[in-house]
Amino acid sequence: MSQAADLVFFDLDGTLVETAPEILDATNATLAELGQRPVGQTQIEAWIGHGTQNLLAKALAWAQGAPIEAVAADPALPAHYAVFQRHYARCCGTRSRLYPGVRSALERLRQRGARLAVLTNKERAYTLPVLDAHGLTPLFDDIVCGDSHPRRKPDPMGLLAVLSASGLERKQALMVGDSSTDIATARAAGVAVWALPYGYNHGQPIADSHPDRVIESLAELP
Ligand SMILES: O=C(O)COP(=O)(O)O
Ligand SMILES: [Mg+2]
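From a predicted model like this one, the values you see are computed outputs, not experimental measurements.

Asks: It is not clear to me how the nonpolar core should be interpreted in this structure. Could you clarify?
Replies: For soluble globular proteins, the rule of thumb is that nonpolar side chains tend to be buried together. Judged by nonpolar contacts, the single largest core of 55 residues is most densely connected at Phe10, Leu16, Ile44, Leu106, Phe140, Leu218 and Leu221. Counting residues per element, this core draws most heavily on helix 3 (residues 52-64), which supplies seven residues. In this structure, phenylalanine 10 is in contact with Leu16, Leu106, Leu109, Leu116, Ala117, Val118, Leu119, Phe140, Met175, Val176, Leu218 and Leu221, ignoring residues within four places of it in sequence. Leu119, Val144, Ala173 and Ile183 belong to the second-largest nonpolar core, a separate cluster that totals 17 residues.

The following block contains the structure:
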């Protein structure tokens, strides 16, 4: 994609907002309540991207020194997730921050008439408070969350639903994200994808996932 896109999808965690600090707070409050040892922010950053239930399972597996399969099969997991949900609802929007250039880039895209969408694996109950805390909600035409459709990223279902409702063509759309999941989602939908290197890509360099372009900040969007 060299010309300006008419529909731009943005990943949330690691692309628009640095959310790891408050996810760390919620996770460690949960682990403390469950009598488990705390995790560090670098670990949290490697676990973000597949929704909060997946993140909690990884944190519990790490804290207990247990395989993820054992944690996923534990009948107590839903009760543990309920504890996390209570803490995350409280922490959401408290210690996250916008990455540099995000607001001005979104405002500039809107001014030239582009349609903007959030496409995140974060559940709606937490996505909306994060966007609200940073004054981003009014900038988006569509907000697709991890629980908006039966399947989340890397399935292209959410992306294709917005694309189809917009009446635009695939080649008029661009996905902007920070992880291999975002790149796989865009590829599955046949949409171009640009990536930021500063976010959360499961501890791997984003260039290894071969996006169409790596950009240093959203200021580079056409
Ligand atoms: O894993 C999450 O909860 C959200 O991650 P995403 O915004 O990068 O899709
Ligand atoms: Mg992300």
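Asks: Would you take a moment to explain unusual backbone geometry for this structure?
Replies: For the bond running from lysine 153 to proline 154, omega is 10°, close enough to zero to count as cis. Relative to the helices and strands, proline 154 resides in the loop between strand 5 (142-144) and helix 8 (157-166). Despite not being glycine, histidine 202 shows a phi value in the positive range, around 55°. In this fold, histidine 202 is placed in the loop between strand 7 (192-195) and strand 8 (213-214).

Asks: What exactly am I supposed to notice about the site of ligand 1 here?
Replies: Around ligand 1, a shell composed of Asp11, Leu12, Asp13, Ile48, Gly49, His50, Gly51, Thr52, Thr120, Asn121, Lys122 and Lys153 is seen. Asparagine 121 is positioned with one of its backbone polar atoms (N or O) 2.8 Å from an oxygen atom of ligand 1. Here ligand 1 has 280 Å² of accessible area as a free molecule, and 96% of this is covered by the chains. Among the cavities detected, the one that contains ligand 1 is the largest cavity. Its residues placed into classes, the shell around ligand 1 shows two nonpolar, six polar and four charged.

Asks: Please explain the coordination of the magnesium ion (ligand 2) as it appears in this structure.
Replies: By definition of the ideal shapes, four donors in a tetrahedron about a metal sit 109.5 degrees apart, and six donors in an octahedron sit 90 or 180 degrees apart. Those protein atoms acting as donors to the magnesium ion (ligand 2) are Asp11 (OD), Asp13 (O) and Asp178 (OD), and they sit at 2.1 to 2.2 Å. Spacing between the donor residues of the magnesium ion (ligand 2) along the chain follows D-x1-D-x164-D. Here the residue aspartate 13 occupies a position in the loop between strand 1 (7-10) and strand 2 (17-18), and aspartate 178 occupies one in the loop between strand 6 (173-177) and helix 9 (180-189), the gap between them amounting to 165 residues.

Rules of the game
Residues numbered from 1 in each chain as written. Chains lettered and ligands numbered in written order. Predicted model: local features only at pLDDT ≥ 70, side-chain atom pairs only at ≥ 80, totals over all residues. Heavy atoms only, no water. Core = buried A, V, L, I, M, F, W, Y, C linked by side-chain atoms within 4.5 Å. Buried < 20%, exposed > 50% of the residue type's maximum accessible area, 1.4 Å probe, protein only. Helix = DSSP H or I, 4+ residues; strand = E, 2+ residues; numbered from the N terminus. Contact = heavy atoms within 4.5 Å. Near = heavy atom within 4 Å. Polar contact = N/O pair within 3.5 Å; in protein donor to acceptor, adjacent residues only side chain to side chain. Areas by Shrake-Rupley, 256 points an atom, 1.4 Å probe, with all protein chains shown as cover. 1 Å grid on protein atoms, 1.4 Å probe; cavity = no way out; pocket = protein on both sides within 12 Å on 5 of 7 lines; lining within 4 Å. Sits in = over half its atoms within 2 Å of the grid points. Nonpolar A, V, L, I, M, F, W, Y, C, P; charged D, E, K, R; others polar. Donors = N, O, S within 2.8 Å, 3.2 Å for Na, K, Ca; no water.

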